[in-house]
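Next come the chains, spelled out residue by residue.
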Amino acid sequence: MQTKPLVLAAVFAALCAGAARAQEPIAISFDGATYTFDRPALTGQSLATRRNNQQNMALAKIKVNPHQPDMNDALIATLQPGLDVYAVVRELYQAGFKAQAYGDNHGYYYIAVDVAGADAADSALGLAKYYYVTPVFVGQKVFDALFPPVQP
């Protein structure tokens, strides 16, 4: 009897994983009982935008540089430990970032990106979308461009 809910959940997930049309009734017979429910209406556009939307995660990574809040022409990104920093720099350089790698004595690497003459807010957002970038430290002017201060 323990496998009954598990089998029903697996069947339901399999039915929902396919291309769903408008709601239609579905009947499943299992162990002598018939279960009827409506297939949910899923639209491809809403699923795609929800699945590929990294905007909120990227915005959460952007912080003001606590040591130099006036440094608006450079972005400092902290990387996850254990990465091949040269492959990261090469990937960012191919994506159009002027990146240089720096390290500390504790095994952490930082990427400095020169954004002089470019849209620093757009570059900070693009840099924060990479999965291996943890926080991105920006200047106060760039932070205010992304998150406008509230006027009382």
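Described in the following lines is the structure provided in the data block.

Rules of the game
- Residues numbered from 1 in each chain as written.
- Predicted model: local features only at pLDDT ≥ 70, side-chain atom pairs only at ≥ 80, totals over all residues.
- Heavy atoms only, no water.
- Helix = DSSP H or I, 4+ residues; strand = E, 2+ residues; numbered from the N terminus.
- Buried < 20%, exposed > 50% of the residue type's maximum accessible area, 1.4 Å probe, protein only.
- Areas by Shrake-Rupley, 256 points an atom, 1.4 Å probe, with all protein chains shown as cover.
- Pairing = 2+ DSSP bridges.
- Arc of directions from axis to C-beta.
- Contact = heavy atoms within 4.5 Å.

### Quick word on the overall build of the protein chain
Okay, step 1: On a plain count of helices and strands, the protein chain comes out with six helices and seven strands.
Okay, step 2: Its helices and strands in sequence order give the protein chain the pattern α-β-β-α-α-β-β-α-β-β-α-β-α, from N to C terminus.
Okay, step 3: In the protein chain, buried positions account for 27% of the 152 residues.
Okay, step 4: Surface exposure of the protein chain reaches about 10200 Å², of which carbon and sulfur atoms provide 56%.

### Quick look at the pairing of strand β6 (residues 109-114)
Okay, step 1: Pairing between strand β4 (residues 74-79) and β6: five bridges, direction antiparallel. Looking at β6, one finds that Ala74 is bridged to Asp114.
Okay, step 2: Pairing of strand β5 (residues 98-103) with β6 involves six bridges; the strand directions are antiparallel. Following the sheet pairing, Lys98 is matched in β6 by Asp114.

### Description of helix α4 (residues 85-94)
Okay, step 1: Taken as a whole, α4 has its buried residues at Val85, Val88, Val89 and Leu92. Around the axis of α4, the buried residues are gathered within 95 degrees of arc, so they sit on the same side. Of the residues in α4, the exposed ones pointing more than 90 degrees away from the buried face are Tyr86 and Gln94.
Okay, step 2: In this structure, the buried side of α4 is in contact with β4, β5, β6 and α5 (120-128).
Okay, step 3: In the stretch just after α4, Gly96 is the one whose phi turns positive, near 105 degrees.

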